[in-house]
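# Fold and contact review
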Amino acid sequence: MQSLGTRRVYHQNDAVSTLPLYRSAPPLEVRLEDFEAFAVDRLRVLKAISDGLSRGKKPEEMEKLVEELWKTHMKQPKLSEAGNKDVISHFVLRLVYCRTEDLRKWFLSMETMLFRYRFKLQSPEAQRALMADLDLPYKAVNTAEFESVKDKVSQVARSIVQPPPTEDAKFYKVPFEEVPELVASRRVYIHQGNAYVAMNQVVSLVVTQFRSFLSKALILTNRKWTSSIKEQEKDRLTPIVEELSTSYLGPDYSQPRESAEISLKDIDHLAKSSFPLCMRHLYEKLKEDHHLKHGGRMQLGLFLKGVGLNLDDALAFWRAEFSQKVGAERFDKEYAYNIRHNYGREGKRTDYTPFSCQKVISSTPGVGDHHGCPFRHFSEENLRAALGRMGVGNRGMDDIIDKVRNRHYQVACTLTFEAVHGSTCDAGINHPNQYFIDSQKVLQSKLLEYMSIKDAEETIILLANISNCEPAHHVKQKNF
Amino acid sequence: MNPGEAENCREDMEIDGNGPEMPAQRHVDIMPDGFNANYLKAYYGKVFPHSDIFKWMCYGHDGKHPGCDPTYLSRREFSFTLDNDIYLRFQSYTSAYELESSIKEKCPFKIDIGPVYSVNPAKRHAYAQTGDNVFTPVERELIFDIDITDYDDVRFCCSGADICLDCWPLMTVAIKVIDTALRDDFGFIHILWAYSGRRGVHCWVCDAKARRLSNEQRASIADYFRVYKGNENSNKKVSLVGPVLHPFLARSYTDVLRDFFEGKMLLSQNILSTEEKYEKILDMIPDESVAAELRGKWQEMRKAYGSKDDINVVRWEQLKSLLCSAKLKHIQGLRRCIEEIIFSFTYPRLDMEVSKHMNHLLKAPFCVHPKTGRVCVPIDPNNCEEFDPTAVPTLSQLLQELNMSGSRADMDDELDRTSLGRAVRYFRSSFLQPLLRSCKEEIESAYNSRLQQSKNNLSW
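Residues numbered from 1 in each chain as written. Chains lettered and ligands numbered in written order. Predicted model: local features only at pLDDT ≥ 70, side-chain atom pairs only at ≥ 80, totals over all residues. Heavy atoms only, no water.

## Describing the UniProt feature "binding site: [4Fe-4S] cluster" (unreviewed entry) in chain A
All names here are of chain A.
- The UniProt record marks Cys278, Cys357, Cys373 and Cys413 with the feature "binding site: [4Fe-4S] cluster" (unreviewed entry), using the residue numbering of this structure. Spatial clustering of the annotated residues is evident: they stretch over 136 residues in sequence, but the largest pairwise C-alpha distance comes to 9.8 Å.
- Relative to the assigned elements, Cys278 resides in helix 11 (residues 277–289).
- Once you skip the residues sitting within four places of it in the chain, Cys278 turns out to touch Gln299, Gly372, Pro374 and Pro432.
- Of note, Cys357 is situated in helix 15 (residues 357–361).
- Here Cys357 falls in the buried class, since its relative accessible area comes to 9%. (UniProt positions renumbered as here; feature names shortened; annotations may be inferred. Helix = DSSP H or I, 4+ residues; strand = E, 2+ residues; numbered from the N terminus. Contact = heavy atoms within 4.5 Å. Buried < 20%, exposed > 50% of the residue type's maximum accessible area, 1.4 Å probe, protein only.)

Right, here's the structure in full:
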């Protein structure tokens, strides 16, 4: 950064509490290099939170993680400077992450998560002050009413293994819509549309408010960005902003791989050699049942799209399976729509991106479903059997299971990759399509050794043949 | 839904009933009872309660009150499946006349109801030109879809799309559990249950508050109801942790599930009668030695069973007394085991995705199921035990009834002469009328408060 040009950006009115609500951008002078450096530091925090979540860390572990991350990346020598860095970095990233639906969604959940745990780390006084700042219209339940629900409230507390409320415990009575996360996990007593929220749960209320406020703010920021800032700042901030979002989220595999489209006849080989377990399982179930429920069709369908299956082949592929079960006619009528939809040819016409590990891990497969992450969603017994079928030996198996028990699902998948391919995967597995590409790379280099040729441009498609021990000349023939 | 919420609103849709189905059921097509386009035309012409559906979908906005929103109905998506498998999405109507004549003219095999959008869905492309993504769902009933095919691992009488009076009570139980919670816990009032025409039930929660829930809030309610977590890839189907159950689960268990399981299902499904069946239950016992002890007893019993007591009941009592016995108190996980077994077998299994998103379509009540010819009639949750899916009027039966009694002009009278009369009367008196009363009040009070607000603004 050559320019040391300073610029009026934000004003400071949240400095009283150590946790700002980021209501308005403060008028602060910011050096251009701080603009970027602060944002990168905050991104490190958000990215690590995202990783923590996809590893299935428990709330207590997350709390500790956030505390440490904040100390490591956001600390400044002076308290006021730390406050400024917090606010500045937040507003810079707002600019960076306001620009598409996906970016907004990611930023919104990570910032909300960060806010949640930082709120929990505040003193009770600071928490109350923040609630007052947010202007939450809720009053504590009075004694008479508390008596009437005390039994039920205690029952809920016991059901989630918490001590029953004391006589002077404070409860807030709020519409259930305000605390969706407490409702979803049955952590509150709900009666006639109202949830009875304990003092130690108010973080949910606060977070809901924070989230909805930030969500609206991001939409507004986006409007401002497209209407004026982007053009005005095209020589200075715009390049930084655009760089920041792409450099950190990693590839989303929404565009099929440049190197090759795959063709229908290769899928079978590829599934055996280069699909991660989640996709391999879906693929095998599809072959077996000639059917997959919606979640499975999405997960596998988008993955195949990312791998390079074009729409026509995708339709042919799914039709070939489904028609054995429901008939070709019903397939065309009821299922083809979804497949075209995935390719952005129907409905909103959005080109959907393949699911990342985080999304796969956080899904909730139900009866008859086969999607999700096998490392998380399989029983140990089923997982062992599945890994065995992939060719994982006993020694590797125990390591993998050990990771699974500690809920390091992506690490377990990485170890599986290494066991199956006999080579290391330093970056770790973050995306099923990354697994596929890395697998192809490994197999390609093996193929090169095997065939002793340098020019492998056109061979990549048929790498799977190695695992089937087909002779090299066969591979060549198919290519020409 | 909060219009600013940066949620990914997928314009995703799934068509009702795309679960795995056996090709075998296709033969139902040629049932003697018959379903064909001509019958359907007569049904839409003489029996289908057009005006009731219209009034429902207007939610009071068809009135003369200045607070009514005249665009309300026109923003609702209807979707028709026609005879020749043509699927028409994003139909919209501005009047009762338009809706009725479109149905009569197109004679859809199925009518689906979608959400109310921000703009008329038929004109969505015109709005899309403006670039700002304004075409988005803004209101939608909270809906639930329960399908008996999802119970195939716990019913042994039928499978797939078949139902009988032995397995149907599972649906009755689902209605009771969900209906009570929707009313007592969530405080909803205007709830319509309907038979889906073949193998399940639909639920429409129509309170204003319910219609405006965001996707996240919908998901939270669906998750509140979720107990059943596993599938065939993971062992455990139901996992109940904690020293006591949440009040909602405890109530469902003591009021509905336990009695149903012990009093009915144990016998009707012969849950412990054979080795294959009881192994399923033994699998759910987390302690291998306990399971082995029971297995031993039960294998022994099979050799010489002469008692007049039902074998299912006897074995269940043995299981219960062993699991509750003092010597096993210390074993982790056994405490909840009986509850877990009962929940696994009886607790409602919702199709979660249907409830979680505003843009899911759901078949309208009073449609006729093309495979069974049965009408999707409302079910009274207070008397849901009495509902018999095999006695639901079919298309051909209704037309016969009409023919038998000659033709008269009065429409309502016509309906009353068919066996659908009772269903329509129930729909009106127990669901539609109270709903419309609430809607009117809400429109008035919203209007008055707006009026008050603008007065205040003027006085500044």
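## Considering the sheet that holds strand 4 (residues 189–191) of chain A
Residue and element names in this part refer to chain A.
- Sheet architecture is open: 3 strands sit in the order 3-5-4, paired in antiparallel fashion. Since the sheet does not close on itself, it has two edges, and those belong to strand 3 (171–175) and strand 4, each with one partner. Strand-to-strand, the axes of this sheet are offset by a mean angle of 30 degrees, without reference to chain direction.
- Sheet contacts for helix 6 (residues 143–159): strand 3, strand 4 and strand 5 (194–198); angle to strand 4, the most-contacted strand, approximately 135 degrees. (Pairing = 2+ DSSP bridges. Axes fitted to C-alpha atoms, helices over the stretch in contact; angles between N-to-C directions.)

## Remarks on the domain arrangement of chain A
- Parsing chain A into structural domains produces domain 1 (3–132 + 207–244), domain 2 (133–203) and domain 3 (264–372).
- If you average the C-alpha positions of domain 2 of chain A and of domain 3 of chain A, the two centres end up 43 Å apart. (Domains from an automatic or database assignment.)

## Side note on the nonpolar core
- Counting residues in each nonpolar core, the largest one holds 196 residues, and the members touching the most others are Tyr43, Trp56, Leu182, Phe188, Phe225 and Leu420 of chain B.
- Built from parts of two domains, this core gets at least three residues from each of domain 1 (3–132 + 207–244) and domain 2 (133–203) of chain A.
- Phe188 of chain B has contacts with Phe176 of chain A together with Leu142, Leu182, Arg183, Val205, Asp207, Ala210, Leu213 and Ile221 of chain B, leaving out every residue within four places of it along the chain.
- Judged by nonpolar contacts, the second largest core, of 29 residues, contains Leu270, Cys278, Leu300 and Val326 of chain A. (Core = buried A, V, L, I, M, F, W, Y, C linked by side-chain atoms within 4.5 Å.)

## A word on the sheet that holds strand 6 (residues 191–195) of chain B
Residues and elements named next belong to chain B.
- Sheet architecture is open: 4 strands sit in the order 5-7-6-9, paired in antiparallel fashion. With partners counted over all chains shown, the strands left at the sheet margins are strand 5 (142–147) and strand 9 (378–379), one partner each.
- In this sheet, strand 9 lies alongside strand 6 in antiparallel orientation, the contact comprising 2 bridges. Across the sheet, the residue bridging to Ala194 is Pro378, located in strand 9.
- Relative to strand 6, helix 5 (residues 169–185) is tilted by about 170 degrees, and along the sheet it contacts strand 5, strand 6, strand 7 (200–205) and strand 9.

## What about helix 18 (residues 394–405) of chain A?
Residue and element names in this part refer to chain A.
- With 12 residues, helix 18 ought to run about 16 Å at 1.5 Å a step, and its terminal C-alpha atoms sit 17 Å apart, in line with that.
- When helix 18 is considered as a whole, its buried residues turn out to be Met397, Ile400, Ile401 and Val404. Considered in projection along helix 18, the buried side chains sweep an arc of 100 degrees and stay on one side of the axis.
- Check the buried side of helix 18 and you find it contacts helix 16 (374–377), helix 17 (380–390) and helix 19 (409–421). (Expected span 1.5 Å × (residues − 1). Arc of directions from axis to C-beta.)

## Thoughts on the pairing of strand 7 of chain B
All names here are of chain B.
- Among the 6 residues in strand 7, 6 count as buried, and that is most of the element.
- By the bridge criterion, 6 bridges tie strand 5 to strand 7 in an arrangement that is antiparallel. The residue of strand 7 that forms the bridge with Phe144 is Cys203.
- Two strands pair when backbone bridges link them, and strand 6 and strand 7 are joined in this way by 5 bridges, in the antiparallel orientation. Paired with Trp193 across the bridge in strand 7 is Cys203.

## What to know about the environment of Ser429 of chain B
- Looking at the secondary structure, you find Ser429 of chain B in helix 16 (residues 421–459).
- Remark: the alpha-carbon pair of Ser429 of chain B and Pro365 of chain B, spanning 64 residues in sequence, is separated by 15 Å.

## Focus on the packing of aromatic side chains
- Counting across every chain of the model gives 50 aromatic pairs over all chains.
- When the centroid spacing of 5.3 Å and the interplanar angle of 80 degrees are considered together, the rings of Tyr44 of chain B and Phe48 of chain B count as edge-to-face.
- With a relative accessible area of 1%, Tyr44 of chain B lands in the buried category.
- Taken together through their ring pairs, the aromatic side chains of Phe176 of chain A together with Phe144, Phe186, Phe188, Tyr224, Phe225, Phe248, Tyr253, Phe343 and Tyr347 of chain B make up a single cluster.
- It is Arg23 of chain A that lies over the ring of Phe213 of chain A; its NZ or CZ is 5.9 Å from the centre.
- The cationic tip of Arg349 of chain B hangs over the ring face of Tyr151 of chain B; the distance from NZ or CZ to the ring centre is 5.2 Å. (Phe/Tyr/Trp six-rings, centres within 6.5 Å; stacked < 30°, edge-to-face > 60°. Lys NZ or Arg CZ within 6 Å of the ring centre and 35° of its normal.)

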